[in-house]
Amino acid sequence: QVQLVESGGGLVQPGGSLRLSCAASGFAFSVYDMRWYRQAPGKERERVATIRSTGGTSYVDSVKERFTISRDNAKKTVYLQMNSLKLEDTAVYYCNALYTMPVGPDRAYWGQGTQVTVSS
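Calculation criteria
- Starting afresh in each chain, residues are numbered from 1 along the sequence in its written order.
- Residue-level local features of this predicted model are given only where pLDDT is at least 70; pairs of side-chain atoms are given and counted only at 80 or more, and the full residue set underlies all totals for whole chains, interfaces and linings.
- Water and hydrogen atoms play no part in the side-chain values, which are based on all heavy atoms of the structure.
- Cysteine sulfurs are considered disulfide-paired once they come within 2.5 Å of each other.
- Secondary structure elements follow DSSP: runs of H or I no shorter than four residues count as helices, runs of E no shorter than two count as strands, and numbering proceeds from the N terminus.
- Each residue is assigned to one of three classes by its accessible area relative to the maximum for its type, calculated with a 1.4 Å probe on protein chains only: buried under 20%, partly exposed between the two thresholds, exposed over 50%.
- Two aromatic rings, drawn from Phe, Tyr or Trp (for Trp, its six-membered ring), form a pair once their centres lie within 6.5 Å of each other, and the interplanar angle then sorts them: stacked below 30 degrees, edge-to-face above 60, tilted otherwise.
- In this analysis the charged atom, NZ for Lys or CZ for Arg, is taken to sit over a ring once it is within 6 Å of the ring centre and within 35 degrees of the ring normal.
- DSSP-based pairing: two strands are paired if at least 2 bridges between them are found.
- Geometry is summarised by axes, namely lines fitted to C-alpha atoms with helices restricted to the contacting stretch, and by angles between N-to-C directions that run from 0 to 180 degrees.
- For the purposes of this section, nonpolar cores are sets of buried Ala, Val, Leu, Ile, Met, Phe, Trp, Tyr and Cys residues that join through side-chain atoms within 4.5 Å.

Break down the state of the cysteines for me, citing the residues and quoting the values.
In total, this model carries one disulfide according to the counting rule given. Here C22 is linked by a disulfide to C95, with a sulfur-sulfur distance of 2.1 Å. Judged by the torsion about the S-S bond (-80 degrees), the C22/C95 disulfide is left-handed. Of this pair, C22 sits in strand β3 (residues 18-25) while C95 sits in strand β9 (residues 91-99), placing them 73 residues apart in sequence. Classification of C95 by relative accessible area gives buried; the value is 0%.

Just give me the short version of the packing of aromatic side chains, but keep the residues and values in it.
Taken as a whole, this structure holds six aromatic pairs when the rule is applied. Consider the rings of F27 and F29, whose centres lie 6.5 Å apart with planes at 50 degrees: the pair is tilted. Owing to a relative accessible area of 10%, F27 belongs among the buried residues under this scheme. A residue is classified by how much of its surface remains accessible, and F29, at 1% relative accessible area, is buried. Each ring, one from F27 and one from Y32, has its centre 4.7 Å from the other, and the planes form 65 degrees; the classification is edge-to-face. The same class applies to F27 as to Y32, namely buried. Feature note: the residues F27, F29, Y32, Y99 and Y109 constitute an aromatic cluster, connected by ring pairs. When the ring centre of W110 is taken as reference, the NZ or CZ atom of R45 above it lies at 4.7 Å.

Mind laying out the sheet that holds strand β1 (residues 3-7), listing which residues take part and the relevant values?
Spatially, four strands are ordered β1-β3-β8-β7 in an open sheet, and the strand pairing comes out antiparallel. On the outer flanks of this sheet lie β1 and β7 (67-72), each paired with one strand and no other. Averaged over neighbouring strand pairs, the angle between their axes works out to 15 degrees when direction is ignored. Looking at chain direction, β1 and β3 are connected through five bridges and run antiparallel.

Describe the nonpolar core, listing the residues and the values that go with them.
Counting residues in each nonpolar core, the largest one holds 28 residues, and the members touching the most others are M34, W36, V78, L80, M82 and Y93. For this core, the secondary structure elements donating two or more residues are β3, β4 (33-39), β5 (46-51), β7, β8 (77-82), β9 and β11 (114-118).

Right, dumping it as structure tokens:
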């Protein structure tokens, strides 16, 4: 059974930090690209950060220099370290796993989301 379980969300003041975790099970974690998405009320889901199976990373411009994505293949866990949080970072954050198949549809899995609220 495939599972992605996020944790670490909560309420934080502007300028504060949070570390999100996403624990995976039920699939070959190390070969999947892992991504963090977020969705704020009334907005579309946005991809925030990606870490590929090779270890390469990328970020949406709005979080560069503030957020860091990392992974621990032995623990089957991906992390999102969020520093210098801003009000506009408030959203539900989702973990996503993606494996691009050479033929046929890609394999993708989603977590249930964790709420991050930045407020003074």
